[in-house]
Amino acid sequence: MVSGAGGFLGRRLTRRLKQLGVSVESLNARRPAAPKRPADYFFHLAGQADASKCEADPKAAHEANVALTGRMLDYCRRHRIGVFVLPSTAYVYGSVLKRPARETDAARPQSRYPKTKIVAEALLAKACARGKLAGVSARLSNVYGPGMRAATVAGTVIAQLKKGREPKVRDLSPVRDFIFVDDAVEGMIRLASAARRGRFLAVNVSTGKGVSVARLAETARRAAGRSPRAVAAANGPALILDNRRLARLTGWRPKTSLRRGLAACLAKPYAKK
């Protein structure tokens, strides 16, 4: 079962599951009906992922990302769904580490959105401790791809190039770990298969590589057929995720290069809102 199946991640997840021959049922998390057939896995993708909206309305952010997760956990208990997958965020680590963040690092959230995800993770861990549920929190690095919001840094760059403009963003210096949406989805699916009853896992789903916003913009320019330009050395705050736990649990790492992923974004429509 998938909540939030109509969203950016949800659409790609549902498509991939169907490609794998999995029967998928979408759930309206606000008005959840009983499953039409027994379900083994629950991907809880419904919620508020827009950090600016979380800051603007903390009460709504808590309802969307914490309270709703609690209700979905109760739903799984009632309907005996054994595996619960929750997408979380790299921003639970903050941006103070001088090396790739590991799952054993302390959480240092610096804004409302990652704070809600940490509380949601705690609810999932508590549910797993009761012994009947397997839970995975997939801590996603910066996800991009066709269908992303144009308000994200990658979405802004792609939107400008699609309109024939040169990429222009406010700050080119930050270094981030950009993962293509289909790789993020694949990671969540593989982690669902690796989950074990009574155990909660927090796992980074990332490339493990840092790319400056300047390099992202230049890679997108080249993917769009623009002539190469020099890129200044990165000197901004870095947030990169160590993905060795993901590789150890699943035997897999993300495959899509930044150039190929950005080319896919330029070839297909993206969300404007």
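Residues numbered from 1 in each chain as written. Predicted model: local features only at pLDDT ≥ 70, side-chain atom pairs only at ≥ 80, totals over all residues. Heavy atoms only, no water.

Engineer: Kindly report on the side chain of R139, identifying the contributing residues and their values.
Structural biologist: Along the chain, R139 turns up in strand β5 (residues 134–140). Within the local environment of R139, its side chain forms a polar contact with the side chain of E121, the two groups lying 2.7 Å apart. Setting aside residues no more than four positions away along its own chain, R139 makes contact with S88, T89, V92, Y93, E103, E121, A202, V203, N204, V205 and L241. (Helix = DSSP H or I, 4+ residues; strand = E, 2+ residues; numbered from the N terminus. Polar contact = N/O pair within 3.5 Å; in protein donor to acceptor, adjacent residues only side chain to side chain. Contact = heavy atoms within 4.5 Å.)

Engineer: Provide a residue-level description of the sheet that holds strand β2 (residues 26–27), including the pertinent values.
Structural biologist: Strand pairs in the sheet, formed through backbone hydrogen bonds, run parallel or antiparallel to each other. In space, the six strands of this open sheet follow the order β2-β1-β3-β4-β5-β9, with parallel pairing throughout. At either margin of the open sheet sits one strand with a lone partner, and together these are β2 and β9 (200–205). Strand direction decides the pairing type here: β5 and β9, joined by six bridges, are parallel. Across the sheet, L140 pairs through a bridge with V205, a residue of β9. (Pairing = 2+ DSSP bridges.)

Engineer: Got a sec to walk through the sheet that holds strand β11 (residues 238–239)? Specific residues and values, please.
Structural biologist: Across the sheet, which stays open at both edges, the three strands sit in the order β10-β7-β11 with mixed pairing between neighbours. Where the open sheet ends on each side, the last strands, each with one partner, are β10 (211–212) and β11. Relative to β11, strand β7 (residues 175–176) runs parallel, the two being bridged by two bridges. Looking at the pairing, R176 lines up with L239 of β11.

Engineer: Explain the pairing of strand β4 (residues 83–89) residue by residue, including any values.
Structural biologist: Most of β4 is tucked away: seven of the seven residues are buried. Covered by surrounding structure in β4 are V83, V85, P87 and T89 together with F84, L86 and S88, the residues of both alternating faces. As defined by bridge partners, strand β3 (residues 41–44) adjoins β4 across three bridges and the pair is classed as parallel. Within β4, the residue paired with F43 across the bridge is V85. Examined bridge by bridge, β4 and β5 share seven bridges and lie parallel to one another. (Buried < 20%, exposed > 50% of the residue type's maximum accessible area, 1.4 Å probe, protein only.)

Engineer: Outline the environment of N65, listing residues and values.
Structural biologist: On the secondary structure map, N65 appears in helix α3 (residues 58–78). Among the residues examined, N65 registers a relative accessible area of 2% and is labelled buried. Between the C-alpha atoms of N65 and A184, which are 119 residues apart in sequence, the distance is 19 Å. What N65 contacts, discounting residues up to four positions off in sequence, is G47, Q48, C54, Y113, T116 and A120. One polar contact links N65 to T116, side chain to side chain, over a distance of 3.2 Å.

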